[in-house]
Amino acid sequence: DGVPPRMALTEADIQPQLTRRRPGQSRLTTPRAEKDLVTILSGTEFGYTLGTPIGLMVKNEDQRPGDYTEMSCIPRPGHADFSYLVKYGTKASSGGGRSSARETIGRVAAGAIAEKWLHDTFGSEIACWVSSIGKHAIPEEEVPQGEDGFGWSREEVDQL
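Quantities reported herein were computed from a predicted structural model and do not represent experimental measurements.

(A) Layout of the overall build of the protein chain. Scanning the protein chain from terminus to terminus reveals 4 helices and 8 strands. Counting helices and strands in the order they occur from the N terminus, the protein chain gives α-β-β-β-β-α-α-β-β-β-β-α. The buried share of the protein chain, taken over its 160 residues, is 22%. For the protein chain, the proportion of contacts with a sequence separation of at least 24, taken over those separated by at least 6, is 53%. Counting every atom, the protein chain has about 11,400 Å² of accessible surface; 55% of that belongs to carbon and sulfur.

Structure, rendered in structure tokens:
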């Protein structure tokens, strides 16, 4: 909700960010091969927003609830399901539930729409990267500084 009317918007505007967050792209993420293809269900017509809430759908095609059987009584190390269990007194036995990485997909899609509005309205470009993990940091002199600002472009980040 809150997207102004008459903004050009199609699945092609949202999909690149969903593709960037898609699982199975590195050894650090789940090996599941989700396509994460977005479909706009409502809030647009003929490629333009209507000023009404935008409904999106991304199918979860590689569900494996059995993968979590061993962890039905023991939280996964470093995962948010323990915090969720402590806070609410329950957790989803079939996976992460509200603490699942799949749950982030709505925020990523909404962020892609907001990013498009910022770009169309103000010419803003957004790129981010991890600059430190704990006490390990990229030295400042290694981060490029140019006419367009501090850091790497989106295209450069995607190639890192």
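Back to the text.
(B) Spotlight on the pattern of salt bridges. Evaluated as defined, the whole model comprises 2 salt bridges. Here D36 makes a salt bridge to R21, at a shortest N to O gap of 2.6 Å. One end of the pair, D36, is in the loop between helix 1 (11-21) and strand 1 (38-42); the other, R21, is in helix 1, and 15 residues separate them in sequence. For R21, a relative accessible area of 19% corresponds to the buried category. One salt bridge in this structure joins K116 and D120, with 2.7 Å as the shortest N-O distance. Of this pair, K116 and D120 both sit in helix 3 (residues 105-122), 4 residues apart, which is roughly one turn of that helix. Residue classification places D120 among the partly exposed positions, given a relative accessible area of 45%.

The rules we used
- Residues numbered from 1 in each chain as written.
- Predicted model: local features only at pLDDT ≥ 70, side-chain atom pairs only at ≥ 80, totals over all residues.
- Heavy atoms only, no water.
- Helix = DSSP H or I, 4+ residues; strand = E, 2+ residues; numbered from the N terminus.
- Buried < 20%, exposed > 50% of the residue type's maximum accessible area, 1.4 Å probe, protein only.
- Contact = heavy atoms within 4.5 Å.
- Areas by Shrake-Rupley, 256 points an atom, 1.4 Å probe, with all protein chains shown as cover.
- Salt bridge = Lys/Arg side-chain N within 4 Å of Asp/Glu carboxyl O.

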